[in-house]
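Architecture at a glance
Okay, here's what each chain looks like letter by letter:
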Amino acid sequence: MNVSAAGTVLLRSQCSHHGRNVLSLLDFTCSRLHNTGQAPKQANQTERARFSPSSTSKNDWIGPPDRLSNLRPIIYHIPENETPLERRLRHLRQETEDWNHQFWTNQNITFSKEKEEYIVAQLKAKGLTERDENGKKRSLSTEEMAVFYKDFLDKNYKRHANYNKEWYQRNFTITMMMARVALLRVWRRLKGGPPPA
């Protein structure tokens, strides 16, 4: 018999520094496993937590860090009378966030997998098992792990350089578009309408 329950509790607070609504999602999974020995399906989900702000929200919403990418997802506020330029900016920001999330998810998964393989290989070369006689997981010294970290960074140097180049290009484009949107908003406030084409 497998009895389980799962859910999400959503907490909202105002960030005093940025003035944005900050979401905190608390996921919980309660289960009692009998005879199956399997974890509930909710525990194996790899998708980012999805949340949605209230329809009256006037701010961007920032969620909790993703467990794979370690990045906080953002839901961007859609203004009531969103201009085509504002829409393009919002879409570019969302696309950049998704691209960034995908990169760091893949990078972190690769890193964890290669790190584990390295530790197992090093322990095996010493004639040791993954766990000691008390069942505790063995680890390597800082100096031994430094060899892995350097090797990983060296192997991924070009990938990281390409990521940084793309990241700076995207951020420059977003910043320029944000400046254009800010100027449009100032123009609308001063003149009471859209700027001339």
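Since the structure is predicted, the reported quantities are computational estimates derived from the model, not experimental observations.

Going through the model one piece at a time under the given rule, you end up with 12 aromatic pairs. Relative to Tyr149, the ring of Phe111 has its centre 6.1 Å away and its plane inclined at 10°; by these criteria the two rings are stacked. Note that Phe111 is positioned in helix α1 (residues 84-125) and Tyr149 in helix α2 (residues 142-155), a separation of 38 residues in sequence. Accessibility expressed as a relative area gives 24% for Phe111, which makes it partly exposed. Under the relative-accessibility criterion, Tyr149 is labelled partly exposed at 34%. Judged by centre distance (5.1 Å) and plane angle (80°), the rings of Phe111 and Phe152 are edge-to-face. Highlighted residues: Phe111 in helix α1 and Phe152 in helix α2, separated in sequence by 41 residues.

Low pLDDT marks stretches whose predicted atomic positions should not be read closely. This prediction gives the chain a mean pLDDT of 77; 71% of its residues lie at or above 70. No element of the chain has a lower mean pLDDT than strand β2 (residues 21-33), which averages 36, and none a higher one than α1, which averages 95. Here residues 1-46 scores under 50 on pLDDT; set against residues more than four positions off or in separate chains, the count is 77 contacts.

Attention now goes to the nonpolar core. Within the largest apolar cluster, 7 residues are counted, these being Tyr118, Ile119, Leu123, Leu140, Met145, Phe148 and Phe152. Counting residues per element, the ones that place at least two in this core are α1 and α2. Those residues in contact with Tyr118 that sit more than four places away from it in its chain are Leu140, Glu144, Met145, Val147 and Phe148. Counting 6 residues, the second largest nonpolar core, distinct from the first, contains Leu89, Ile174, Met177 and Val181.

Turning to the pattern of salt bridges, a few remarks are in order. By the definition in use, this model includes 12 salt bridges. Linking Lys126 and Glu144 is a salt bridge whose minimum nitrogen-to-oxygen distance equals 2.6 Å. Of this pair, Lys126 sits in the loop between α1 and α2 while Glu144 sits in helix α2; the two residues are 18 residues apart in sequence, bridging distant segments of the chain. Lys126 sits in the partly exposed class, given a relative accessible area of 45%. The salt bridge involving Arg170 is made with Glu166; its shortest N-O contact spans 2.9 Å. Of this pair, Arg170 and Glu166 both sit in helix α3 (residues 157-191), 4 residues apart, which is roughly one turn of that helix. A relative accessible area of 13% means that Arg170 is categorised as buried. Through salt bridges that share partners, Glu82, Arg87 and Arg90 make up one connected network.

Basis of the calculations
Note on numbering: residues in each chain are counted from 1, in written sequence order. Restriction of local features to residues with pLDDT of at least 70 applies here, the model being predicted, together with a cutoff of 80 or more for giving and counting side-chain atom pairs; totals for whole chains, interfaces and linings are based on all residues. The basis for the side-chain values is all heavy atoms of the structure; hydrogens and waters are excluded. A pair of Phe, Tyr and Trp rings is counted when the ring centres sit within 6.5 Å of each other, with Trp represented by its six-membered ring. The angle between the planes then sorts it: under 30 degrees is stacked, over 60 is edge-to-face, the rest tilted. Under the scheme used here, helices are H or I runs from DSSP no shorter than 4 residues and strands are E runs no shorter than 2 residues, and both carry numbers assigned from the N terminus. Remark: exposure states derive from per-residue accessible area (1.4 Å probe, protein chains only) relative to the maximum for the residue type, with buried under 20%, exposed over 50%, and partly exposed in between. In predicted models, pLDDT denotes the confidence assigned by the predictor to each residue on a 0 to 100 scale. By definition, residues are in contact when any of their heavy atoms lie within 4.5 Å. To define a nonpolar core, start from buried Ala, Val, Leu, Ile, Met, Phe, Trp, Tyr and Cys residues and group those joined through side-chain atoms within 4.5 Å. Here, a salt bridge means any side-chain nitrogen of Lys or Arg that lies within 4 Å of a carboxyl oxygen of Asp or Glu.

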